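Architecture at a glance
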Amino acid sequence: MEGRTLLTLMVFSSLIVLAEAIAQKHGIEIYKLHVDSRVTSRFAHTLITSKIVNRANESREVTFEVELPKTAFITNFSMSIDGKTYPGVIKEKASAQKEYDTAVSQGQGAGLVRITGRKLEQFHISISIAAASKVTFELTYEELLKRQLGKFELLIKLRPKQLVTHFQIDVHIFEPQGICCLETDSTFMTNELTKALTKVQSETKAHILFKPTAEQQRINPELNENLLNGDFVVRYDVKRGATAGDMQIVNGYFVHYFAPHEMPALPKDVIFVIDRSGSMAGRKIEQTRDALLKILQDLRLKDRFSFITFNSKVVEWKSSLLQATPENVASAAGFVQTISAAGGTDINRALLAAVSLLDKAERLPEKSVSMIILLTDGQPTSGESNVEVIQENIQKAVNGKYALFCLGLGFDVSYKFLEKMALSNGGLARRIYENADADLQLQGFYQEVATPILMKIEMHYPENAVEGLTKNNFKLFFEGSEIIVSGKVSNELDILPVEIKAQSHTGGLTLREETDVKEKERVFQNQSYIFDNFTERLWAYLTIQQLLEKSISAQEEDQKILEAKALELSLRYSFVTPLTSMVVTKPGNQQQMELANKPTEADNEESSSFPAGGAYRQGVGSALVGRVRSKTRAQLLANEYPQLLLQLPKQNDIICLRIDGQAQPSVHLLSDPEQGLTVRGKLGERTNHFVQLEINYANPPAQIHVSTNGAVLGHSNRSIQLPWTKSATSTVQGLSVSVEKERSITASLSGMVTVRISLIKIPDAFLGLDFLHPDRFSDKVSGALGQFYSKAQFENNSNTNQRADERLLRVSGAEHKVTRQYKKDYRLESTSDPVSCWSIDLTP
């Protein structure tokens, strides 16, 4: 690693405070937005503070949103309105849920936290504040930073959506090991903004302050738009000394960091088990092939490898492991390029074949690591399909000899199944998101496990002097990662010894170190900006994480014991974990209760679906800022279709409408109070087309939630599932909902507008929306789409200089230049011939 290992501290905080419309134009002013992050020896404590004033002459609703890492625990939230504070209270989850269910039955509340991506989850809450009122939001979360590929990274995502008078990012870092190579970076920095950035560094401390004025934030003198739209990143390296790691002790709690470097890699035996079932067809299998070709180039000469592909049948590329010679790698690359997708999914037989292949392999002369890497996008459908039986079969076959890593591609997998199977066999699970960079995600995962340095690591401490010890035995250590052990030392202990035993490339390895407890305690004295008792809170955080992880693969009785211990610690240290919830009570004149739960990756199988009951937020802008990527084949195909297509009433002109998904991924499309009809939609991340639509009827009171997986019809606390895979009709008090298999869903009610939703697969599925009998809309119809049915009119083309393929369209008093384009009509059975339409882009 060129003499030292680059470390980068990673905390994801994406900030966005929203109003019902562009805030400054409607009287909502964010006059203070502070991000204060204190990082002490990998443990990050972050406080977000936002102060808002309503300068309008009437009440306004504001929404406070923060994106935080999935691995973080929220520890505190409060909002103060005109001097009165409404704190969040952390309770046992079942108790909080019971309290919340009572509120929901009275028509109150919605969940506050949801997963928004591969690394982030979002906290958001909306409240109404009176004219001239002020509100202060404060959110605190803590996270133990995980070292991956030799890096910790502090990444703060910014999008305040308006100029902020008092804005700052204030980061303090304290690393007793020593700091070097401090640097900052951002996606929005200008020469003027650089003047607002200061960095101060000593041997063990670093302070980064970014404090731009409102004028420095401005895009240009004429506009009030904010430049702060993107990523702010802090990176640094730490100095490493003792081979047995670094020990830190505060208030009787110790933390031991162990990350040996510059050690030769262990050779490895690796079998890639690749799903080639029908659901992998298209972009998935292409990305898998691309990733495997790159991974083959990263194999070391001493490594041995093979491939097993499976659908309903299991195919072994070779009957034995091959050394990673240039000839064998080239032969494997040829095989990878032939992998195609069709058939079912026999996970059980494929994994048993991989275990058998490792069992038959002859050991290398030196110590080696054996691992299986499974990639699948679905659930078992062929052979053994009972996931519990599969887990039992694989655990029995592996018998602790090998490490199993399970990668779940997309959201059709059962992540819970893969996670339990991986953790039961010395590995881990990871979800691969179906984005344009899925192949890079696969490569990134492989790089994390590509270089095993040690195996069978045991960290020994004196039993009679240490209690509450976290996990101290580890199957593998990979280059660029870090082992952390924590516990409580007795008051009488003056010297804390540690002995580390492991297997390295040469055989047995033993490292010993002794730490002077009082001397280590003095290191953290008089550190005014370091938050107190960080080692104790770090110990609690790490213990909870490990108890929860251990409970995933434990038997039922053991699971209850482990969860009870984790719950007790969660409540004692005020962590929002999967076992606790934060109850937030709002002022009495509003929906009074909301609940902040901690979602897990297993909860994320339908992460982007509408919440049952229609708790839907109409906000301005998105807190996610995607990386600029080249257009994929799927995106190009999707762009041949319009997002929305409609024919103007009493006119022959067709409108192709595109809504800016970056500005507002969730869109209020249409409301007609006389029809009692509301339609909302959510745009996808890959195609920028609608992937979910929600239709609400006032009479009968019913909701239809439509996604690319099917529809759910809700009425009177009942839900009816309507998948796309078969034609069916369901009727509720005259409202008929019909599914035409793999084609369309139609909702009709006598005398009302008929809603039709089309399913398009190319290969990334999305939804197309149109209305039959649009003349039945009233003149009160509104919304991004609805306004075109009552308030759209082409201007007479009196400008002789205007091109024939351009016109002016007046909508709700605003003029829009529209251009003629040719798009595929998703309303038709055959979309081979594009139709002519006038194209318009909207930013809600």
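Criteria and thresholds
Residues numbered from 1 in each chain as written. Predicted model: local features only at pLDDT ≥ 70, side-chain atom pairs only at ≥ 80, totals over all residues. Heavy atoms only, no water. Salt bridge = Lys/Arg side-chain N within 4 Å of Asp/Glu carboxyl O. Helix = DSSP H or I, 4+ residues; strand = E, 2+ residues; numbered from the N terminus. Buried < 20%, exposed > 50% of the residue type's maximum accessible area, 1.4 Å probe, protein only. Disulfide = S-S within 2.5 Å. Contact = heavy atoms within 4.5 Å. Phe/Tyr/Trp six-rings, centres within 6.5 Å; stacked < 30°, edge-to-face > 60°. Lys NZ or Arg CZ within 6 Å of the ring centre and 35° of its normal.

1. So, the pattern of salt bridges
- Summed over the entire model, instances satisfying the criterion amount to 30 salt bridges.
- Notably, a salt bridge pairs R42 with E482, separated by 2.8 Å at the nearest N-O pair. Taken together, the residues span a long stretch of sequence, with R42 in the loop between β2 (28–40) and β3 (43–54) and E482 in the loop between β27 (473–478) and β28 (483–489) at a distance of 440 residues. Across the pair, E482 and R42 agree in class, each one buried.
- Three or more residues are tied together by salt bridges with common partners; here these are R42, E175, R240 and E482.

2. Some points on the state of the cysteines
- Applying the stated criterion to the full structure yields one disulfide.
- Here C180 stays free of any disulfide, with the sulfur of C181 as its closest cysteine sulfur at 3.5 Å.
- Its relative accessible area of 16% is what places C180 among the buried residues.

3. Focus: the environment of K51
- Mapped onto the elements of the fold, K51 is located in strand β3.
- According to the relative accessible area criterion, K51 is partly exposed, its value standing at 25%.
- Note: C-alpha distance between K51 and K134 (83 residues apart in sequence) is 7.2 Å.
- Apart from residues lying up to four places away in sequence, K51 is in contact with E29, I30, Y31, K32, V135 and T136.

4. Quick look at the packing of aromatic side chains
- For the structure on display, the rule yields 30 aromatic pairs.
- For the ring pair F77 and F137, a centre distance of 6.5 Å and an interplane angle of 25 degrees mean the geometry is stacked. Of this pair, F77 sits in strand β5 (residues 73–81) while F137 sits in strand β9 (residues 134–144), placing them 60 residues apart in sequence.
- Note on F137: relative accessible area 0%, which makes it buried.
- The interplanar angle of 85 degrees and the centroid separation of 6.3 Å between the aromatic rings of F167 and F210 together place this pair among those described as edge-to-face. Linking F167 in strand β11 (residues 166–174) with F210 in strand β14 (residues 205–210), this pair joins segments that are 43 residues apart in sequence.
- Looking at F167, the relative accessible area reads 2%, which means it is buried.
- The aromatic ring of Y257 is capped on one face by R42, whose charged end is 4.1 Å from the ring centroid.

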